[in-house]
Amino acid sequence: MVLSQDAACYIDWIDPNVLPFLPQWHYLHIHDRCPPYAREHGVTEEQIATMLTANPRRLFEQKR
């Protein structure tokens, strides 16, 4: 499993009035919310490191 998100630093295609309804749409959502939630539900530090570091590295280092 790889944790990822789709957040943009500049959103020119969305109505600015909608942004208040998307409070979790920011770059730190995964970092701030997911590991603490996972820990509370029994996910180990090793498993979190695998999802956040080892698995993405393995994907990007694959030879094609």
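Only a predicted model underlies this, so the values are computations on that prediction, with no experimental measurement involved.

Conventions we followed
Residues numbered from 1 in each chain as written. Predicted model: local features only at pLDDT ≥ 70, side-chain atom pairs only at ≥ 80, totals over all residues. Heavy atoms only, no water. Helix = DSSP H or I, 4+ residues; strand = E, 2+ residues; numbered from the N terminus. Rg over C-alpha atoms; globule rule 2.2 N^0.38 Å. Buried < 20%, exposed > 50% of the residue type's maximum accessible area, 1.4 Å probe, protein only. Contact = heavy atoms within 4.5 Å. Areas by Shrake-Rupley, 256 points an atom, 1.4 Å probe, with all protein chains shown as cover. Lys, Arg positive; Asp, Glu negative; His and termini not counted. Charge placed at Lys NZ, Arg CZ, Asp CG, Glu CD. Polar contact = N/O pair within 3.5 Å; in protein donor to acceptor, adjacent residues only side chain to side chain. Expected span 1.5 Å × (residues − 1). Bend = angle between axes of the 7 residues up to and from the residue.

### Regarding the overall build of the chain
Here comes step 1: In terms of regular secondary structure, the chain is built from two helices and zero strands.
Here comes step 2: Taken against the 2.2 N^0.38 rule, which gives 11 Å for 64 residues, the C-alpha radius of gyration of the chain at 15 Å runs more than 25% over that of a compact globule.
Here comes step 3: Referenced to the eigenvectors of the C-alpha coordinate spread, the extents of the chain come out at roughly 40 × 35 × 10 Å.
Here comes step 4: Expressed as a percentage of the 64 residues in the chain, the buried residues total 17%.
Here comes step 5: Counting contacts in the chain only where the partners sit at least 6 residues apart, residues at least 24 apart contribute 34% of the total.
Here comes step 6: Accessible area for the chain stands at about 5,700 Å²; split by element, carbon and sulfur atoms hold 57% of it.
Here comes step 7: If the 6 positive side-chain charges of the chain are averaged to one point and the 8 negative ones to another, these points end up 12 Å apart.

### Points about the side chain of N55
Here comes step 1: Along the chain, the position of N55 falls in helix α2 (residues 45–61).
Here comes step 2: A relative accessible area of 9% places N55 in the buried class.
Here comes step 3: Here M1 takes part through its backbone oxygen, which lies 2.7 Å from a polar atom of the side chain of N55.
Here comes step 4: Beyond its immediate chain neighbours, meaning those up to four positions away, N55 contacts M1, V2 and T50.

### Some thoughts on the environment of Y10
Here comes step 1: Relative to the helices and strands, Y10 is located in the segment before α1 (29–40).
Here comes step 2: C-alpha of Y10 to C-alpha of A49: the two residues are 39 residues apart in sequence and 29 Å apart in space.

### As for α2
Here comes step 1: For α2, which comprises 17 residues, the first-to-last C-alpha distance of 23 Å matches the rise-based estimate of 24 Å (1.5 Å per residue) to within 8%.
Here comes step 2: By the largest-angle criterion, M51 marks the main kink of α2, which is about 40°.
Here comes step 3: Packing partners of the buried residues in α2 comprise α1.

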